[in-house]
Amino acid sequence: MKILMMTGLIAGLSVPAAAQNGENGSASSSHRPNEYTLACLEAPTRDCAFSAALQTVIAEDFGVERSKVLVAVARALIETGQSSQAVDTLMLALEEARSVNLSLVTQGKITEIAPLLSRAGDTAGALALVEELEIESVKQRTLIAIARQNMAAGRLADADVALSQMSSDTRAFWQRLRLLPLAPAGSLTALDLQALETRVRAVQQPDRLYRGLISLAVLSDKKGEPADRQSYLMEADELFSSLVGMNDRALATAHRLRTMYDAGMDPVLIQASYNLMLLHSSRVRSLETMMAIADLVGVVEAGTGDLEAAIRRMEVFNQVPDKARYLSGLRSETDTGSLAAEIRMLLRETVDLEGVYERDLVRLELLEGALGNDDLVLATRVIAAIEDDDNQARGLALAAPLLQ
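Residues numbered from 1 in each chain as written. Predicted model: local features only at pLDDT ≥ 70, side-chain atom pairs only at ≥ 80, totals over all residues. Heavy atoms only, no water.

S.K.: Explain empty space enclosed by the protein to me, using residue names and the numbers behind them.
M.R.: Following the criterion strictly, the structure yields 1 cavity of 30 Å³ or more and no others. Taken as a whole, the largest cavity spans an internal volume of roughly 40 Å³. What lines the largest cavity is Thr336, Leu339, Ala340, Ile343, Gly369, Asn373, Asp375 and Leu378. For the lining of the largest cavity, the class distribution of residues is 4 nonpolar, 3 polar and 1 charged. (1 Å grid on protein atoms, 1.4 Å probe; cavity = no way out; pocket = protein on both sides within 12 Å on 5 of 7 lines; lining within 4 Å. Points joined across faces, edges and corners; volume = space filled by probe spheres on them. Nonpolar A, V, L, I, M, F, W, Y, C, P; charged D, E, K, R; others polar.)

Written out as structure tokens, the structure reads:
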């Protein structure tokens, strides 16, 4: 969509005709898929996806629903290289959320908007919004999300600013150590590994020290220092015997594997860590631990070509929403057909869930899986199954980057 056209539509959103009735007015529709989304689904294009989403916003009475769709539009704008317009759209989404005059609604939306603002390059604006969050745990999670966006983009200074606002310096340090392997190698040239090592060695808990040594090994590898990497790995292996619990050992090796995979390390090293994880997780019987391992390891299995193993791990999740969340995180370049089949199967199961809201939440989760694997055919099928017009508009907006 041309920027000028988008600007005009967004400008029109600030005074939608329906808004004259206020939040307590009657709904303008029954929230079934509307003419804009249905017409676009017949022949989806990027233009119609954006347009249908914005037309749905204009016709919507309730600010919280308008905000929801606008956030999806902003996310798509970021992914299509229109960061400046994304920031404008996010601020409009925040304005719509505020119009509800419910603090809980506004704060919930800030947790979505702030990380996206940072992703679009406005970390200062994101951090300003975080100051409005009243629940400390929510504030901490949002700061970590902002730091993650910056770290992945190689903006280490911005990530550090976000983490410095956490209430616990110790927690901020360990979060930084966990996120640093996500940074591009070129952004780590000035990283002071010695300072990190000093902090890591000050810890007393063996499991935390083990994970710290693994992170130091990964960071050494990304900085082009293989000898240091091997030294840290050898020390971690010697420390491993200090982890006496079966669950602790399994989780430690799962974290090791995922850290190496996320950092893009040599496949040989990843495979060795995978074998170690299999050895120590095979006897785990705790459902909670098995689910945690699945979340850490399934992504690695799918990404390294063993999608079958990743799909088997879905068996530890009993509820459809949990299965959808897990499945949506898998990415496969070698077996997209099998992954799509699993998503379609779970999509059919959504009809048995009680309530449109619950069904659509699962469908939107499954949509993330389709979009993450660049499967436009599957994404269109999932969007078509969505029952609520705002959610369908949201889905179309999210799919826009894949459309021409």
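Next comes the rest of the account.
S.K.: Describe the environment of Val377, with residues and values.
M.R.: Here Val377 is to be found in helix H21 (residues 376-385). Val377 gets classed as exposed once you look at its relative accessible area, which sits at 70%. Sequence separation between Val377 and Ile311 is 66 residues; the distance between their C-alpha atoms is 21 Å. (Helix = DSSP H or I, 4+ residues; strand = E, 2+ residues; numbered from the N terminus. Buried < 20%, exposed > 50% of the residue type's maximum accessible area, 1.4 Å probe, protein only.)

S.K.: Just give me the short version of the packing of aromatic side chains, but keep the residues and values in it.
M.R.: As enumerated under the stated definition, the model contains 3 aromatic pairs in all. When the centroid spacing of 5.4 Å and the interplanar angle of 55° are considered together, the rings of Tyr210 and Phe240 count as tilted. Taken together, the residues span a long stretch of sequence, with Tyr210 in helix H12 (residues 206-222) and Phe240 in the loop between helix H13 (226-239) and helix H14 (246-262) at a distance of 30 residues. The pair formed by Tyr210 and Phe240 is uniform in burial state, with each residue classed as buried. With 5.2 Å between their ring centres and 35° between their planes, Phe317 and Tyr326 make a pair best called tilted. (Phe/Tyr/Trp six-rings, centres within 6.5 Å; stacked < 30°, edge-to-face > 60°.)

S.K.: Give a detailed account of the confidence of the model for the protein chain, specifying residues and quantitative values.
M.R.: The predicted model of the protein chain averages 92 in pLDDT, with 93% of residues at 70 or higher. Taken as a whole, residues 1-7 scores under 50 in pLDDT and shows 12 contacts with residues more than four places along the chain or in a different chain. Taken together, the stretch residues 12-29 has pLDDT below 50 and engages in 28 contacts with residues farther than four places along the chain or on a different chain. (pLDDT = per-residue confidence, 0-100. Contact = heavy atoms within 4.5 Å.)

S.K.: Now, about the layout of surface pockets: what can you tell me, with residues and values included?
M.R.: As a volume, the largest pocket reaches approximately 830 Å³. Looking at the largest pocket, it is lined by 24 residues, and the ones nearest its centre are Arg148, Arg178, His255, Thr259 and Leu296. Elements with a minimum of two residues in the lining of the largest pocket: helix H8 (136-152), helix H10 (169-179), H12, H14 and helix H16 (287-303). Class assignment of the residues belonging to the lining of the largest pocket gives a composition of 9 nonpolar, 5 polar and 10 charged. If you trace the second largest pocket, you find 15 residues lining it, with Arg75, Leu116, Arg119, Gln149 and Glu368 closest to the centre. For the lining of the second largest pocket, the secondary structure elements donating two or more residues are helix H4 (63-79), helix H6 (103-119), H8, helix H20 (356-372) and helix H22 (389-399).

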